[in-house]
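Here are the chains, one letter per residue:
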Amino acid sequence: NYTLGPSITRWNAKRRQWLSQNPGFPSRDARGNPRILLVTGSSPGPCDNPAGDHYLLKSTKNKIDYCRLHGIEIVHNMVHLDRELSGYWSKLPLLRRLMLSHPEVEWVWWMDSDALFTDMGFEIPLSRYEGSNLVIHGYPELLNKQRSWVYVENQYYLHGFWAGLVDKYEEMMEKHHPGLGDERWPFITHFVGCKPCGSYGDYPVEQCLTGMERAFNFADNQVLRLYGFRHRSLTNPKVKPVANRTASPLLNKEASLKMDAKIET
Ligand code: UDP
Ligand code: MN
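Residues numbered from 1 in each chain as written. Chains lettered and ligands numbered in written order. Predicted model: local features only at pLDDT ≥ 70, side-chain atom pairs only at ≥ 80, totals over all residues. Heavy atoms only, no water.

Q: Could you clarify how one ought to interpret the overall build of the chain in this entry?
A: For the chain, the helix and strand inventory stands at six helices and 10 strands. Buried residues in the chain amount to 41% of all 265 residues. Excluding contacts between residues fewer than 6 apart, the proportion of contacts in the chain whose partners are at least 24 apart in sequence is 66%. As presented, the chain carries roughly 15500 Å² of accessible surface, and 54% of it is formed by carbon and sulfur atoms. (Helix = DSSP H or I, 4+ residues; strand = E, 2+ residues; numbered from the N terminus. Buried < 20%, exposed > 50% of the residue type's maximum accessible area, 1.4 Å probe, protein only. Contact = heavy atoms within 4.5 Å. Areas by Shrake-Rupley, 256 points an atom, 1.4 Å probe, with all protein chains shown as cover.)

If you want it as structure tokens, here you go:
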């Protein structure tokens, strides 16, 4: 019979007490929002193919960008904390460890290394989850047998399946703008079945890497815009300055991630 460790009772009460005794570690950030810790991870060793490591780095940069813009802290784990739970199961002991070691954090948010933020303006509607302990993406009819969690989110793309999205980014840039988070401008694009760091996935590796490059540049444009640049195209790592450079950079910063700001194509 496997356990993740001793069972912990009355955690909410103990945590509340800890928070009142440690005002230097507030559970809200400077803007008054619940403190969030984004957690991701990758294997302790190198990828089978150097391109896999390159895309791991891009995926980590993408997460750092999103977290910096939204005041979220980030952990990247590269060790297996539990000998019996390795690979993708390693997130379970990790998440437990982080929850217990960071009582100041309201939400620990796991994100796969093969998932990219593609809406840099969208924020998770946390108020919807008050009173919930676990939020997952999913469809209620597929999860009907479940027991105790479930805010099951399907209103926006907390997990957007890449295959239907990566060819539509140009169309999205024509018609829509960041901040929507759904099929019009997906919050997250997840490369399920790709395994860019391993040897074999369910899709051809070239198709996966092309898709990842496009998702990365689509997101990176939303970041570069803050600094007055954009990629020449979604398949091009090179950048060029955007037309309307301004002498009022602080006004520009305010507007850049606003909902009504369209990304020039
Ligand atoms: N992962 C990890 N350590 C490992 C292997 C995987 O932290 O040794 C993480 C990584 O972020 C990955 C996630 O677990 O995206 C899911 O694992 P996997 O790649 O096997 O499944 P998939 O992402 O294809 O669903
Ligand atoms: Mn994944």
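Here the narrative resumes, following the displayed structure.
Q: Would you take a moment to explain the environment of His102 for this structure?
A: Tracing the backbone shows His102 in the loop between helix H3 (91-101) and strand E3 (107-110). Along the chain, His102 and Ser132 lie 30 residues apart, while their C-alpha atoms are 18 Å from each other.

Q: Sorry if this is basic, but what is going on with the site of ligand 1 here?
A: Around ligand 1 sit Gly41, Ser42, Ser43, His80, Gly87, Tyr88, Ser90, Trp110, Asp112, Ser113, Asp114 and Lys195, and that is every residue in its neighbourhood. Here an oxygen atom of ligand 1 sits 3.4 Å away from a polar atom, N or O, in the main chain of Ser42. Contact between ligand 1 and His80: an oxygen atom at 2.8 Å from a side-chain N or O atom of the residue. Surface burial for ligand 1 is 81%, taken as the share of its 510 Å² of free accessible area covered by protein chains. Taken together, the residues that form the shell around ligand 1 break down as two nonpolar, seven polar and three charged. (Near = heavy atom within 4 Å. Polar contact = N/O pair within 3.5 Å; in protein donor to acceptor, adjacent residues only side chain to side chain. Nonpolar A, V, L, I, M, F, W, Y, C, P; charged D, E, K, R; others polar.)

Q: Explain the state of the cysteines to me, please; I cannot follow it from the model alone.
A: Note: disulfide means a covalent bond formed between the sulfur atoms of two cysteine side chains. The tally for this structure, following the rule as stated, stands at two disulfides. Cys47 shares a disulfide with Cys197; S-S distance 2.1 Å. Because the sign of the S-S torsion sets the handedness, a value of about -100° for the bond joining Cys47 and Cys197 places this disulfide among the left-handed ones. Taken together, the positions of Cys47 in the loop between strand E1 (36-41) and helix H2 (50-70) and Cys197 in the loop between strand E8 (188-190) and helix H5 (205-224) put the pair 150 residues apart, joining distant regions of the chain. A relative accessible area of 9% places Cys47 in the buried class. Two residues share a disulfide in this structure: Cys194 and Cys208, whose sulfurs sit 2.2 Å from each other. Taking the sign of the S-S torsion, about -85° here, the bridge from Cys194 to Cys208 comes out left-handed. Of this pair, Cys194 sits in the loop between E8 and H5 while Cys208 is found in helix H5, placing the two residues 14 residues apart along the sequence. (Disulfide = S-S within 2.5 Å.)

Q: Hey, could you run me through the sheet that holds strand E7 (residues 160-161) in this one?
A: The strands making up a sheet associate through backbone hydrogen bonding, with each pair oriented either parallel or antiparallel. Strand order in the open sheet made by the three strands is E4-E8-E7, with mixed pairing throughout. Where the open sheet ends on each side, the last strands, each with one partner, are strand E4 (115-117) and E7. Across two bridges, the pairing between E7 and E8 is parallel. Bridging from a neighbouring strand, Phe161 pairs with His190 of E8. (Pairing = 2+ DSSP bridges.)

Q: Could you clarify how one ought to interpret the pattern of salt bridges in this entry?
A: Considering all chains together, one arrives at 11 salt bridges under this definition. A salt bridge links Arg68 to Asp65, with the shortest nitrogen-to-oxygen separation between them at 3.0 Å. Of this pair, Arg68 and Asp65 are both found in helix H2, three residues apart, which corresponds to roughly one turn of the helix. Judged by relative accessible area, which is 5%, Asp65 ranks as buried. Across the pair Glu171 and Lys175 runs a salt bridge whose closest N-O atoms are separated by 3.2 Å. Here Glu171 pairs with Lys175, and both are found in helix H4 (residues 169-175), just four residues apart, close to one helical turn. (Salt bridge = Lys/Arg side-chain N within 4 Å of Asp/Glu carboxyl O.)

None of the figures reported here should be taken as evidence of function without further support.
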